Amino acid sequence: MSDDIKPWYKQFWPWFLIGLLLSSITFSLVYLALSIRFYDGSVGGDYYERGLAINEQLAKQEHALELGLAARLRVDNRTGDVVVDLSGPRQPQRLHLALIFPTDSDFDRELTLEHVREGRYVTTLDEPLRHRWYLQLQPEAGEGAEWRLTGEASFPSDNEATLEPGL
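Residues numbered from 1 in each chain as written. Predicted model: local features only at pLDDT ≥ 70, side-chain atom pairs only at ≥ 80, totals over all residues. Heavy atoms only, no water.

1. Some points on the packing of aromatic side chains
Tallying each qualifying case throughout the model produces 7 aromatic pairs. Measuring from centroid to centroid gives 6.0 Å for W8 and Y9, while their planes differ by 90°, and the two rings are edge-to-face. Take W8: its relative accessible area is 52%, and that puts it in the exposed class. (Phe/Tyr/Trp six-rings, centres within 6.5 Å; stacked < 30°, edge-to-face > 60°. Buried < 20%, exposed > 50% of the residue type's maximum accessible area, 1.4 Å probe, protein only.)

See the structure below:
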């Protein structure tokens with residue numbers, strides 16, 4: 001017998017293979033713990049109703065396109081004034097503006113704008129806007145929200161945001 005043969009626990013390859021197996025088990029357990037901790041749920045039972053609601057929103061945007069509606073939004077971060085100039089044949093008494101924060105619904109805001117003259121609507125913010133927002137403009141629900149305009153804007157900005165039928 002030769003003295004050059006080492007016992008198995010002093011060789012490289014068995015430990016390499018054991019290390020691969022242990023790392024695989026470790027990563028699997030970490031991912032299992034993360035998936036349990038941050039479970040986001042399965043498809044809700046109302047997925048059909050949500051799909052119908054999406055179709056309804058698309059129909060509102062198509063109707064706004066047919067009416068030829070468009071709007072420009074300006075926000076003055078110093079005074080908190082929000083001004084919307086609506087062009088088109090429909091001039092409701094109030095408009096509903098939804099400011100949707102892309103990553104956290106806790107920051108979403110709902111504003112009601114009052115008609116002051118010839119397609120101009122105003123309201124005031126309680127605190128300045130920062131970062132990027134999705135915008136949805138439509139008549140107040142009590143006035144039959146039959147159309148909707150969408151857009152996006154980053155704040156603070158001196159530029160106007162354009163809201164159009166989002167088809």
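2. As for the pairing of strand β6 (residues 131–139)
Where strand β3 (residues 94–100) meets β6, 6 bridges bridge the pair, whose relative direction is antiparallel. The residue bridging L95 from the neighbouring strand is P139, located in β6. The pairing of β6 with strand β7 (residues 149–155) spans 7 bridges and is antiparallel. Bridging from a neighbouring strand, R132 pairs with S154 of β7. (Pairing = 2+ DSSP bridges. Helix = DSSP H or I, 4+ residues; strand = E, 2+ residues; numbered from the N terminus.)

3. Digging into the environment of W15
Residue position: W15 is located in helix α1 (residues 12–37). Those residues in contact with W15 that lie beyond four places of it in its chain are W8, Y9 and K10. (Contact = heavy atoms within 4.5 Å.)

4. Quick word on the nonpolar core
Core analysis: the biggest nonpolar cluster contains 27 residues, and L73, L97, L135, L137 and L149 have the highest contact counts within it. Put simply, the parts of the chain that give this core at least two residues each are α2 (47–67), β1 (70–75), β2 (81–87), β3, β4 (109–117), β6, β7 and β8 (161–163). (Core = buried A, V, L, I, M, F, W, Y, C linked by side-chain atoms within 4.5 Å.)

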